[in-house]
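# Topology and contacts: notes
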Amino acid sequence: MARVVRVGAAQVGPIQKAEGRQAVVARLMELMREGKKKGCDLLVYPELTLTTFFPRWYMTDETEVDSWFEKEMPNEATRPLFELSRQLGMGFHLGYAELAKEGGKMHRYNTAILVDKSGKTVGKYRKVHLPGHSEFDPERTHQHLEKRYFEPGNLGFPVWRTMGGVFGMCICNDRRWPEVFRVMGLQGVEMVVLGYNTPNVNSQKPDEKLEQRLFHSNLSMQAGAYQNSTWVVGVAKAGVEDGNPLIAGSVIINPDGRIVAEAKTQDDELVVHDCDLDDTKFGKKTMFNFANHRRVEHYKLIVERTGAIPPP
Ligand code: ING
């Protein structure tokens, strides 16, 4: 019996610095209504979906920095989106900047949540691999200050049993680190959903072309899908934000690592595909049957000889 989840990769076009959250949420709700019309079960929005990609800006004023963060979720700006999801019976993934109080102290994370069809938040992930730098770097053509504004995530790489399958999340740069997919693969993940904000320029290699950035983005996600026999949905915040171009190219990738659907524009665009979670079974039973084929003891040998960091 097939376990089909009709997924809507909800690519979001540019969000200018001056654009308020209410205007952005209205766009997200438009995409959700389009998803309903097309029979979607789950909508996947990008990383930091509610605002412009603010880590490109060097800020020193703490109040200004905090203005890009959500103190609770849902909140006044996003409650209409949660309401609509409940009314339409639509699950969704949302990326945002989280200001969290833990151990009596405030912490800042690059966060994503998974909300089920009843509008209940069933999972939260905090980005572990923060690219870029923490101080202003005059050598770079563009700043990428995620290390300045976020702490590394402290929730690991969990998976959640919901919507009839096993779902996991990661965020943007995480997709470039194979252990991220493998840790979820070892937990039986059947669909990994992720958002990204990837500059269309490499601030340390100005002659790198868009084709190369799209190639590396897809290579990372296709490998993660194939090597763990899982669906992967990668969704871009795209287009030019205050003069800064971001790559688009949102994709839905099947457990064989094939791109089965992709965005064509640099704007708000819904990419829909029927993803049968049972398509993950063959790979998990054969090629990537970890129990039968994976030789963890040999990894330990390497660790003893080379002191390499053992895989998870
Ligand atoms: N963005 C980029 C990414 O990993 C990056 C980081 C910047 C990669 C520049 C390469 C060049 O797709 C985020 N937000 O992680």
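Residues numbered from 1 in each chain as written. Predicted model: local features only at pLDDT ≥ 70, side-chain atom pairs only at ≥ 80, totals over all residues. Heavy atoms only, no water.

The ligand sits among 14 residues. The nearest are Glu 146, Cys 172, Asn 173, Arg 176 and Thr 198. Residue Glu 146 places a side-chain N or O atom 2.8 Å away from a nitrogen atom belonging to the ligand. Arg 176 places a polar side-chain atom, nitrogen or oxygen, 2.8 Å from an oxygen atom of the ligand. Considering the ligand on its own, with 370 Å² of exposed area, one finds that the protein chains cover 88% of that surface. Among the residues making up the shell around the ligand, the classes are represented as 4 nonpolar, 4 polar and 6 charged. (Near = heavy atom within 4 Å. Polar contact = N/O pair within 3.5 Å; in protein donor to acceptor, adjacent residues only side chain to side chain. Areas by Shrake-Rupley, 256 points an atom, 1.4 Å probe, with all protein chains shown as cover. Nonpolar A, V, L, I, M, F, W, Y, C, P; charged D, E, K, R; others polar.)

Moving on to the sheet that holds strand β7 (residues 165–171). Hydrogen bonding along the main chain pairs the strands of a sheet, whether they run parallel or antiparallel. Within the open sheet, the 6 strands sit side by side as β6-β7-β8-β9-β12-β13. Their pairing is mixed. Looking along the sheet, the strands with just one partner apiece sit at the ends: β6 (159–162) and β13 (259–262). The mean angle between the axes of side-by-side strands here comes to 20°, regardless of whether they run parallel or antiparallel. As paired strands, strand β9 (residues 231–236) and strand β12 (residues 251–253) are joined by 3 bridges and run antiparallel to one another. Paired with Val 232 across the strands is Ile 253, a residue of β12. This element, helix α6 (residues 210–227), spans β8 (191–196), β9, β12 and β13 of the sheet and lies at about 25° to β12. (Pairing = 2+ DSSP bridges. Helix = DSSP H or I, 4+ residues; strand = E, 2+ residues; numbered from the N terminus. Axes fitted to C-alpha atoms, helices over the stretch in contact; angles between N-to-C directions. Contact = heavy atoms within 4.5 Å.)

Note that every value here comes from positions in space, so none of it alone points to a role or purpose.
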